Amino acid sequence: MSLLSGKRVVALGDMAERPLGQFFASLGAAVQSMAADAAELDAAVAAADFLLDPWGLEILSDRGVSRSWIEARNPALVHVSVSPFGSGNARSRWLGAELVAAAMGGALRLTGEPDRAPVKEALEACTFHAEMAAAAGAMAAHYARGAHGQGQHVDVSIQEVAFSRNVNGALVWNFDRRKLHRVGGALNYGRATVRCIWPLADGWCFHTLMTGRFGAPANQGLSDWMDEAGLDNPLRGVDWLRYNRSTLEPATRAIWEKAIAAFFKTRTRADIRGEGRRRGINACVIESPVDVLGDPHLVAREFWAERGGIREPSRFARLVRGAPSAAPAADAAGSAQKPASTPSRGGPLAGVRILDFSWALVGSITTKILGDLGADVIKVETRTRPCLSRLDVQVSVSRADDFDDKPWFAHLNTSKRSLAIDLKRPESREVINPLLGWADAVMENFSPGTMDKLGLGYAQLSARHPAIVMASGSVYGQTGPLAAEWGVDGTGGALSGRTWMTGWADRDPLVPGAVPYGDVIVPYVLAACIAAALAQRRERGEGCHIDASMYEICVQQMRRAIVSAQQGTPPQRLGNADPDVLHQDVYPARGEDRWVAISVFDAAQRARLAEMAGGRSLADWTRDQEECALVDRLQGAGIAAGVLQDIEDLMEHDAPLRARGALVELPHPKLGPFGHVRTPITFSRDRQTPYRAPALGEHNAEILCGAAGLDERRYTELDAAGVLK
């Protein structure tokens with residue numbers, strides 16, 4: 001299914017080969033690579049639907065292609081810039097690529113081990129994230145163009161996107177004035193540091209103990225396996241439904257982790273792939289890019305495309321076309337079947353209506369993006385199985401027995417209304433059925449098959465609403481031999497080769513300890529596909545099902561390594577080096593745990609850097625220098641460099657980042673006003689207007705007596721019967 005069939009994209013510089021250009025091509029757009037030359041671009045820009053550039057407005061203007069020049073030739077064009085620091089600020093002309101943007105955005109200093117310099121994530125992790133954010137912005141602007149006929153500039157800063165991943169760090173600094181640090185092969189949840197990388201007899205696996213109902217069966221499965229192996233098992237007898245990773249005593253966790261480490265050391269990769277999956281434990285092998293190519297699950301899902309004998313990822317999400325609607329296109333899109341939504345706020349998705357069945361991170365961030373960009377989102381949730389982000393006690397102001405005082409939930413769920421309802425009660429259909437008629441799109445990220453059991457699967461919904469757009473996010477996708485298997489954010493990274501390639505060649509692989517990856521990448525792919533699907537539905541009257549797999553999207557990020565693995569150069573962990581960059585690394589600066597990142601792209605830059613160092617080694621030269629002054633000098637000399645900023649630097653002292661509106665202060669009835677990480681996309685025409693996250697069930701009466709069409713008497717009856725909980 002080609003959501004952008006017939007659309008023309010002009011890609012400047014290397015954008016055609018970068019993830020954003022590949023995303024457009026995967027949706028059926030014709031992508032043309034061109035140089036930034038005004039004379040050559042004149043006719044192409046006038047005829048294009050989208051323009052992509054890797055520099056931002058200032059550098060693009062320096063090359064003779066100004067924003068006014070673009071608007072004069074094509075006022076309906078959606079122009080997308082993805083650059084290290086974004087347009088319109090003091091750093092817009094700074095040099096930089098992945099390492100420098102990751103350093104300035106705070107992601108780099110949180111990956112690595114305490115006894116070494118910070119180390120970058122595999123390949124261009126932050127750039128890939130930024131380009132998926134740009135895809136969501138581009139598709140939202142494309143949808144808006146269908147409403148008002150105007151194009152606009154969509155601006156994305158890789159630095160800001162890298163910063164937006166560090167919600168945990170922002171929370172603990174904002175509320176407790178604590179900073180997170182590098183923790184090697186562990187995940188940092190604020191109060192708790194939970195180990196997740198474990199040596200096996202012949203490799204490594206990823207495993208974590210998870211909180212509550214979501215984690216209980218997997219945790220018990222591990223405990224049972226340890227018992228049967230006859231090894232020490234301090235996990236025996238734990239009530240896993242009561243386990244909370246944020247409140248477990250550190251001394252107890254240390255005892256548990258010592259025993260778990262001893263157990264995994266006796267297991268092989270084959271054991272984890274076989275017996276581990278059969279038992280349903282939350283563990284998977286950390287695979288290399290070579291291993292990924294042989295995975296039968298990806299083959300079964302027809303994920304690969306072959307070009308010149310080389311396998312490459314074929315898609316960012318699997319799209320299933322809905323049944324043709326018997327109604328005219330306008331009716332199928334909803335404009336004639338129901339009253340048009342009157343937007344109460346602005347944004348490129350103003351008027352779009354989303355029914356949100358999601359939970360945890362992937363679904364919550366997807367609908368946060370849609371809501372922040374103007375959609376009316378109704379979040380369906382329940383007190384019987386509350387979202388993990390309503391449970392984790394990460395900061396001192398939160399309590400374990402309060403669902404409404406978690407700043408993590410507040411960050412992830414801005415711009416939504418909350419409906420608390422028990423979907424297992426038959427009376428809930430009186431509410432859900434009319435909301436399905438109200439909605440333009442439905443979002444869910446439960447285990448595959450869960451929505452079918454509730455009578456809310458895509459086949460069931462599309463039979464009643466042929467033009468519905470439904471999006472499903474999961475670790476493995478809705479089909480294939482692994483579809484029903486257990487998994488979390490780290491699972492996609494481990495299986496894709498991403499974890500295997502992060503770290504130093506002489507040590508175990510690493511994960512970015514406080515900045516999740518798959519959980520924050522998948523939502524932008526989903527949001528982009530939802531907006532594109534709604535735009536196409538308006539044109540053609542077709543609905544669709546969007547099936548996004550975290551595993552597959554992480555493999556997309558590993559495309560360069562996957563190709564290299566087939567060309568006789570097996571990828572390796574390289575620390576901060578990159579085969580496509582002449583030289584780059586992280587160097588110490590004056591002060592405790594202070595660092596600068598430097599990238600050198602050609603011989604002339606290398607010669608200037610050597611001259612500045614005065615014959616000393618770079619580490620000796622940088623060690624006693626103040627980091628910000630050093631970076632200013634390097635940038636002034638035409639050398640890409642950046643400070644490895646921590647969360648205090650980012651939230652308190654980074655004026656250009658603040659000028660982009662990276663933090664939006666919103667009120668909160670229990671936490672007070674505080675800075676929320678915004679959806680990191682800037683639109684020149686349709687601006688974001690986010691509002692605070694809801695309390696559980698806060699909008700029950702408003703939704704039931706409004707969008708669901710029930711009267712006050714029936715609302716009172718359902719409430720008294722315990723359906724609305």
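In this text the structure is predicted, and so the values were computed from the model without any measurement.

The rules behind each value
- Residues numbered from 1 in each chain as written.
- Predicted model: local features only at pLDDT ≥ 70, side-chain atom pairs only at ≥ 80, totals over all residues.
- Heavy atoms only, no water.
- Core = buried A, V, L, I, M, F, W, Y, C linked by side-chain atoms within 4.5 Å.
- Buried < 20%, exposed > 50% of the residue type's maximum accessible area, 1.4 Å probe, protein only.
- Helix = DSSP H or I, 4+ residues; strand = E, 2+ residues; numbered from the N terminus.
- Phe/Tyr/Trp six-rings, centres within 6.5 Å; stacked < 30°, edge-to-face > 60°.
- Pairing = 2+ DSSP bridges.
- Axes fitted to C-alpha atoms, helices over the stretch in contact; angles between N-to-C directions.
- Contact = heavy atoms within 4.5 Å.
- pLDDT = per-residue confidence, 0-100.
- Polar contact = N/O pair within 3.5 Å; in protein donor to acceptor, adjacent residues only side chain to side chain.
- Salt bridge = Lys/Arg side-chain N within 4 Å of Asp/Glu carboxyl O.
- Arc of directions from axis to C-beta.
- Left-handed = near helix turned anticlockwise from the far one by under 90°.
- Nonpolar A, V, L, I, M, F, W, Y, C, P; charged D, E, K, R; others polar.
- Parallel < 35°, antiparallel > 145°, perpendicular 65-115°, else oblique.

J.: Hey, could you run me through the nonpolar core in this one?
T.: One recurring pattern in soluble globular proteins is that nonpolar side chains are buried together. Membership of the largest hydrophobic core comes to 113 residues, with the highest contact counts inside it found for L20, F23, F24, V80, M139, L349 and I546. Looking at this core element by element, the count peaks at 15 residues for helix α21 (residues 518–540). In this structure, L293, I432, M470 and A708 belong to the second largest nonpolar core, which totals 67 residues.

J.: Looking at this model, I keep getting lost on the packing of aromatic side chains. Mind explaining?
T.: The description of an aromatic ring pair rests on the distance of the ring centres and on the angle between the ring planes. Evaluation of the coordinates by the stated rule reveals 14 aromatic pairs. Relative to F264, the ring of W198 lies with its centre 5.8 Å away and its plane at 45°, an arrangement referred to as tilted. One end of the pair, W198, is in strand β8 (residues 197–199); the other, F264, is in helix α10 (residues 250–264), and 66 residues separate them in sequence. On the numbers, 5.4 Å between centres and 75° between planes, the contact of W240 with Y243 is edge-to-face. The rings of F23, F24, F50, F128 and F316 are connected pair by pair, giving a single aromatic cluster.

J.: What is the right way to look at the side chain of H676 in this model?
T.: Locating H676 in the fold gives a position in strand β24 (residues 674–677). Take H676: its relative accessible area is 2%, and that puts it in the buried class.

J.: Is there a simple way to explain the environment of T252 in this structure?
T.: Note on placement: T252 falls in helix α10. On the basis of relative accessibility, which here comes to 28%, the residue T252 falls in the partly exposed class. Taking the C-alpha atoms as reference points, T252 and P234, separated by 18 residues in sequence, lie 9.0 Å from one another.

J.: Would you take a moment to explain the sheet that holds strand β9 (residues 204–207) for this structure?
T.: In sheet architecture, strand pairing relies on hydrogen bonds along the backbone and comes in two forms, parallel and antiparallel. If you walk across this open sheet you meet the three strands as β8-β9-β10, and the pairing is antiparallel. Each edge of the open sheet carries a strand with a single partner, namely β8 and β10 (283–285). This sheet shows a mean twist of 30° between the axes of neighbouring strands, independent of strand direction. Sheet analysis places β8 next to β9, joined by three bridges and oriented antiparallel.

J.: Sorry if this is basic, but what is going on with the sheet that holds strand β1 (residues 8–12) here?
T.: Spatially, β2-β1-β3-β4-β5-β25 is the arrangement adopted by the six strands of the open sheet, whose pairing is mixed. Two strands in the sheet have a free side with no partner beyond their single neighbour: β2 (30–34) and β25 (682–683). Relative to strand β3 (residues 50–53), helix α1 (residues 19–26) is tilted by about 155°, and along the sheet it contacts β1, β2, β3 and β4 (78–83).

J.: Got a minute to help me understand the confidence of the model for the chain in this structure?
T.: Detailed reading of the predicted coordinates is not advisable wherever pLDDT falls low. The predicted model of the chain has a mean per-residue pLDDT of 94, with 97% of residues at 70 or higher. Contacts of residues 327–339 to residues separated by more than four positions or lying in other chains number 23 contacts, the stretch itself having pLDDT below 50.

J.: Is there a simple way to think about the side chain of H668 in this case?
T.: Inspection of the secondary structure puts H668 in the loop between β23 (663–666) and β24. Given a relative accessible area of 11%, H668 falls into the buried group. A distance of 3.1 Å separates a polar side-chain atom of H668 from the backbone nitrogen of K670. Sequence-distant contacts of H668, that is, excluding residues within four places in its chain, are made with D404, A410, P673, F674 and R692.

J.: So what exactly am I meant to see when it comes to the pattern of salt bridges here?
T.: Two side chains of opposite charge can pair, provided their charged atoms sit close to one another. Throughout the structure, instances matching the rule amount to 61 salt bridges. Notably, a salt bridge pairs D392 with R245, separated by 2.7 Å at the nearest N-O pair. On the criterion of sequence distance, the pair formed by D392 in the loop between β15 (376–381) and α16 (407–412) and R245 in the loop between α9 (212–228) and α10 is long-range, its members being 147 residues apart. Here R278 ties to E275 by a salt bridge, and the two come within 2.7 Å at their closest N and O atoms. With R278 and E275 both in helix α11 (residues 269–279) and three residues apart, the pair spans about one turn of that helix. Of the residues examined, R278 reaches a relative accessible area of 58% and is grouped as exposed. Classification of E275 by relative accessible area gives partly exposed; the value is 25%. Connected through shared salt-bridge partners, K179, R594, E627, D646, E648 and D649 make up one network.

J.: How should I be thinking about the environment of M1 in this particular structure?
T.: On the secondary structure map, M1 appears in the segment before β1. Relative accessible area serves as the criterion here: at 24%, M1 is assigned to the partly exposed category. A C-alpha to C-alpha distance of 6.2 Å links M1 and R321, two positions 320 residues apart in sequence. Excluding residues within four positions of it along the chain, M1 makes contact with L319, V320, R321, Q536, E542, G543 and C544.

J.: Can you walk me through helix α24 (residues 603–613) in this structure?
T.: Given 3.6 residues per turn, any residue in an α-helix points the same way as the ones three and four places further on. Among all positions of α24, only Q605, L609 and A613 are buried. All buried residues of α24 fall inside an arc of 75° around its axis, so they share one side. Of the exposed residues in α24, the ones pointing more than 90 degrees away from its buried face are A603 and E611. Buried positions along α24 lie against β21 (595–600), α25 (618–622) and α26 (627–636). In this structure D602 caps α24, since a side-chain oxygen of it lies 3.2 Å from the backbone nitrogen of A604. Of the residues trailing α24, G614 is marked for its positive phi of about 65°.

J.: Mind showing me how you'd approach the packing of α9 against α11 here?
T.: When two helices pack together, their arrangement is given by the angle between their axes and by how far apart the axes lie. One way to put it is that α9 packs onto α11 with a least axis distance of 9 Å and a crossing angle of 120°. The handedness of the crossing between α9 and α11 is right-handed. Two secondary-structure elements touch here, α9 through G221, D224, W225 and E228 and α11 through D271, I272, E275, G276 and R279. When its residues are assigned to classes, the contact of α9 with α11 shows two nonpolar, two polar and five charged.

J.: Help me out: how do you make sense of the packing of α1 against helix α6 (residues 125–148) in this one?
T.: Two elements in contact, α1 and α6, have axes whose closest approach is 8 Å; the angle formed by their N-to-C orientations is 45°. It follows from the interaxial angle that α1 and α6 lie oblique. Crossing of α1 over α6 shows right-handed handedness. Along its contact with α1, which presents P19, L20, F23 and F24, the element α6 presents F128, E131, M132, A134, A135, A138 and M139.

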